[in-house]
There are 2 protein chains.
Amino acid sequence: MSLPPTSRDVARIAGVSQTTVSYVLTGKGAISPTTRERVLEVADSIGYRPNLAARSMRTRRSGRLAVIMGVAFDNQMRMLNGASQVADEAGYVMETHSVEGTVEDRTERVLELAAGGQYEGILTFVPVLGSALSDGRETPPVLAATAFDDKMRSVGELADAGLIEVFVRALAAAGHRRFVHVAGPQGFSSARARQETYIAAVERLGVESLGVLGGEWPPETGRQAVLALADDAPPVAVIAANDDLAIGALRGAAERGWSVPEDLVVTGWDNARFGAYTLPSLTTVDVDFRAAGSHAMRLLVAALRGEEPPPRGATLQHIVWRESTGSAAPPD
Amino acid sequence: MSLPPTSRDVARIAGVSQTTVSYVLTGKGAISPTTRERVLEVADSIGYRPNLAARSMRTRRSGRLAVIMGVAFDNQMRMLNGASQVADEAGYVMETHSVEGTVEDRTERVLELAAGGQYEGILTFVPVLGSALSDGRETPPVLAATAFDDKMRSVGELADAGLIEVFVRALAAAGHRRFVHVAGPQGFSSARARQETYIAAVERLGVESLGVLGGEWPPETGRQAVLALADDAPPVAVIAANDDLAIGALRGAAERGWSVPEDLVVTGWDNARFGAYTLPSLTTVDVDFRAAGSHAMRLLVAALRGEEPPPRGATLQHIVWRESTGSAAPPD
DNA sequence: CTGAAAGCGCTTACAG
DNA sequence: CTGAAAGCGCTTACAG
């Protein structure tokens, strides 16, 4: 139960000053190879590891970046991967914090973290109030990697729902005249954007819409949406807000004896792992969450260095046409 | 770009000592309501927030717990939920760190975190060398919430593969005589345990095994495994190491014109969201990852308080029988 | 009820 | 090439 060794212990044992130990460990100063060797040996033998809190208090540099995550989104893992790699390459350690509660709770938590002096920069994957986000050269910078409502700044790629219109257009071109949207919860700007894009698209193309169903993310919602359709609904095109809803819709169709893609076609969103293996396989939108995470972290690192924000790079979304939409060809 | 306010700033503006500010903010000492009020007001007005690094250095208590995660496992999110809630209730802040690299890299990272002085306890969801784990009353305690190999201590529930034998037994009782296992990567003790349990079970029951295929987690591996079976393999029971492999197997069966559950039956593991909606729906093992996370965190909190480790509670796994195994009844 | 002072474990001018 | 000393922002005996 003894206390962990400090740099002072190393110094004493090695017969040098604390200064020398510090120089050896940080690689600064000019230390003779002999001394250096001895210090390293002692440090290793007594298992010395620097106390990061003390170091960061002194240097006002923690070398640490925080990512704020919600607790329930699988896709965050992929964004995390991308962000983590960029942070690594930039020489930062990235930590993640999970937050729950209301948007006010989450905002408060982010403010605490920002003021806690332990992070040089913060990236949030969950929505917080705009008041918590940086707009200038504040320290530490706080950036959001997701878009949820108009009060928040955001990198925004993930809320882009333009491909919904491409779905509707391509299916209309393939002869479909009747559509329905199975929406996600409207608290998510991604879900809202998809719904709005759907509504605008059916109107613009002059095809019939049986309306907007759903409103939650789980597959059961997709299943129920299809079970709720009128018996004479087919042929109908189901535009689902994500792949979970879409697989639920496939199941619902089978339960009603409707075959896909003859009676019903289905599109999803997210390119979940299972989508290529459903029966029939699922047409969807591949979202490069990893790239979204990378890009968000790159923005943070650029802000940290006072550099220009890097350009967006290639688009993060593209349609993956599979069996659930039959022969609806990509429009080109 | 000005520095954040310190407790010294608050003291100066409020016309009191730093001591008084500290007492007000920590709720210790006996401060008059008037003074208390004024300090709080000033602190709020200048947006003061305590520097946690300084506080923790002084108190040697950070109130913070770290969870170490790998980057690629969806199920971790659920474990995190459970752990987070327990930490919260126990009055700790929980942070997560993502680690990559070899087991040595990860071990080193855990050791750094343990020695960094910023956490009162550490829980790892990814395998690390046993040398990084606590066995006694070390500070901070480091516990593992997952079992990967014999060198590591672990809470272990997640590596329990006993239900594989229940699958084999129930399917044999329903008349199945030919089995095959689609394994996960053997670097995971969960995958290895399932494979070993499978091998022991087919042997004990005297049923035929077509062998062990697979060796990776993605659905494509499951599909390939079924495509690799001999034409005269059916009727065959496919015991897959997880649901991703199982949905791949379903797809492979369809591609070969084999119907499920007539020609082929399939079992999965994990109770993924999609499993109730595949065609046919998937028999699987529901794993209460949230409870596993809760329990692991409870163990950590108990260690922190010097209390006895809490008992395991109810089992975390149970079979969910669905369509992919036909009429194989649970052996109640 | 309040304050002066010490010290947590580091790093970094500065002096030699 | 090395060391003595100051100080990062807090908390906490201790004194009054």
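Conventions we followed
- Chains are numbered independently. Their residues run from 1 in the order of the written sequence.
- Ligands are numbered from 1 and chains lettered from A, in the order in which they are written.
- Residues qualify for local features only when their pLDDT is at least 70, as the model is predicted, and side-chain atom pairs are given and counted only at 80 or more; totals for whole chains, interfaces and linings, by contrast, use all residues.
- Contacts here follow a simple rule: the backbone-placed C-beta atoms of the two residues must lie within 7 Å.
- Runs of E in the DSSP output that reach at least two residues are strands. Runs of H or I that reach at least four are helices, and both are numbered from the N terminus.
- As a working rule, the residues Ala, Val, Leu, Ile, Met, Phe, Trp, Tyr, Cys and Pro are called nonpolar, Asp, Glu, Lys and Arg charged, and the rest polar, with Gly in that last group.
- At least two DSSP bridges between two strands are required for those strands to pair.
- A residue counts as near a molecule or strand when its C-beta atom, positioned from the backbone, falls within 6 Å of it.
- Here the axes come from fitting lines to C-alpha atoms, over the contacting stretch only for helices, and the angles between their N-to-C directions go from 0 to 180 degrees.
- UniProt positions are given in the numbering used here, feature names are shortened, and annotations may be inferred rather than shown by experiment.
- Put plainly, a residue is buried at 20 or more neighbouring C-beta atoms within 10 Å of its own, exposed at 12 or fewer, and partly exposed in between, counting only other residues' C-beta atoms, which are placed from the backbone.
- Along the arc lie the directions from the helix axis toward the C-beta atoms.
- We call two directions roughly parallel when the angle between them is under 35 degrees, roughly antiparallel when it is over 145, roughly perpendicular when it lies between 65 and 115, and oblique otherwise.
- Should the near helix be turned anticlockwise from the far one by less than a right angle, the crossing is termed left-handed; should it be turned clockwise, right-handed.
- For each domain, the first and last residues come from an automatic or database assignment.

**Q** Whenever I open this one, the interface of chain B and chain A confuses me. Can you help?
**A** Many structure descriptions define interface size as the accessible area lost when the parts assemble. Tallying the contact residues gives 41 residues for chain B and 41 residues for chain A. At the level of elements, α4 (52-59), α5 (75-89), β2 (93-98), α6 (103-115), α9 (219-227) and α10 (243-255) of chain B are the ones that each hand at least two residues to the side of chain B that touches chain A. For the side of chain B that touches chain A, a count of residues per class yields 19 nonpolar, 13 polar and nine charged. Here strand β2 (residues 93-98) of chain A runs beside β2(B); their pairing, made up of three bridges, is antiparallel. Its bridge partner being in β2(B), A:His97 is matched across the sheet by B:Glu95.

**Q** Looking at this structure, how should I read the protein's contact with DNA strand D?
**A** Neighbouring DNA strand D are 30 residues; A:Ser17, A:Thr19, B:Ser7, B:Asn51 and B:Ala54 lie closest to it. Within the residue set of the surface near DNA strand D, elements represented by two or more residues are α2 (18-26) and α4 (52-59) of chain A together with α1 (7-14), α2 (18-26) and α4 of chain B. The element best represented in the surface near DNA strand D is α2(B), accounting for six residues. Looking at side-chain class alone, the surface near DNA strand D contains ten nonpolar, 15 polar and five charged residues.

**Q** Sorry, what's going on with the sheet that holds strand β4 (residues 142-144) of chain A here?
**A** Spatially, eight strands are ordered β4(A)-β3(A)-β1(A)-β2(A)-β2(B)-β1(B)-β3(B)-β4(B) in an open sheet, and the strand pairing comes out mixed. Each having just a single partner strand, β4 of chain A together with β4 (142-144) of chain B make up the two edges of the open sheet. Shown here is a sheet whose adjacent strand axes are inclined to one another by a mean of 25 degrees, direction ignored. Bridge count for strand β1 (residues 64-69) of chain B against strand β3 (residues 121-124) of chain B is four bridges, and the pairing is parallel. Considered in β3(B), the bridge of B:Ile68 is made with B:Thr124. Helix α6 (residues 103-115) of chain A rests against β1 (64-69), β2, β3 (121-124) and β4 of chain A of the sheet, and its axis sits at about 160 degrees to β3(A).

**Q** Which parts of the structure should I look at to understand the protein's contact with DNA strand C?
**A** Near DNA strand C lie 30 residues; those nearest to it are A:Ser7, A:Ser22, A:Asn51, A:Ala54 and B:Ser17. Looking at which element gives the most residues to the surface near DNA strand C, the answer is α2(A), with six residues. Tallied by class, residues from the surface near DNA strand C come to ten nonpolar, 15 polar and five charged.

**Q** How do you make sense of the UniProt feature "domain: HTH lacI-type" (unreviewed entry) in chain A when you look at a structure like this?
**A** UniProt tags residues 5-59 of chain A as "domain: HTH lacI-type" (unreviewed entry). Annotation note: span residues 5-59 of chain A, helix share 69%, strand share 0%, distance between end C-alpha atoms 20 Å.

**Q** How should α1(B) be read in this particular structure?
**A** In an α-helix, one full turn covers 3.6 residues, which means residues spaced three or four apart are oriented alike. Residues and elements named next belong to chain B. Those residues of α1 that sit buried are Ser7, Val10 and Ala14. Mapping the buried residues of α1 onto a view down its axis gives an arc of 55 degrees, with all of them on the same face. Of the surrounding secondary structure, the elements contacted by the buried residues of α1 are α2 and α3 (33-45). Of the residues trailing α1, Gly15 is marked for its positive phi of about 70 degrees.

**Q** What is the right way to look at the packing of α9(B) against α10(B) in this model?
**A** Each pair of packed helices gets described by two things: the angle between the helix axes and the distance between those axes. Residues and elements named next belong to chain B. Running from N to C, α9 and α10 point in directions that differ by 40 degrees, and their axes come no closer than 6 Å. Judged by the angle between their axes, α9 and α10 are oblique. In terms of crossing hand, the pair formed by α9 and α10 is right-handed. Contacts between α9 and α10 involve Pro219, Glu220, Thr221, Gly222, Arg223, Ala225, Val226 and Leu227 from the first element and Asp244, Leu245, Ala246, Ile247, Gly248, Ala249, Arg251, Gly252 and Ala253 from the second.

**Q** Could you clarify how one ought to interpret the domain arrangement of chain A in this entry?
**A** Taken domain by domain, chain A comprises domain 1 (7-50), domain 2 (62-154) and domain 3 (159-287 + 318-325). Averaged C-alpha coordinates put domain 2 of chain A and domain 3 of chain A at centres separated by 32 Å.

**Q** Would you mind showing me how to read the packing of α2(A) against helix α3 (residues 33-45) of chain A here?
**A** Residues and elements named next belong to chain A. Packing of α2 against α3 brings their axes to within 10 Å, and their N-to-C directions diverge by 90 degrees. What the angle tells us is that α2 and α3 run roughly perpendicular. Mapping the contact onto sequence places Thr20, Val21 and Val24 in α2 and Thr35, Arg36, Val39 and Leu40 in α3. Tallied by class, the residues present in the contact of α2 with α3 amount to four nonpolar, two polar and one charged.

**Q** Help me out: how do you make sense of the sheet that holds strand β6 (residues 208-214) of chain B in this one?
**A** Sheet strands line up and pair through hydrogen bonds in the backbone, either parallel or antiparallel. Residues and elements named next belong to chain B. On the basis of which strands lie adjacent, the open sheet formed by four strands has the order β6-β5-β7-β8 and parallel pairing. Edge positions in the open sheet fall to β6 and β8 (264-267), since each of these has one partner strand only. Strand-to-strand twist in this sheet, taken as the mean axis angle between neighbours without regard to direction, amounts to 20 degrees. In terms of strand pairing, strand β7 (residues 236-240) meets β8 through four bridges, oriented parallel. Bridging from a neighbouring strand, Ala237 pairs with Val265 of β8.

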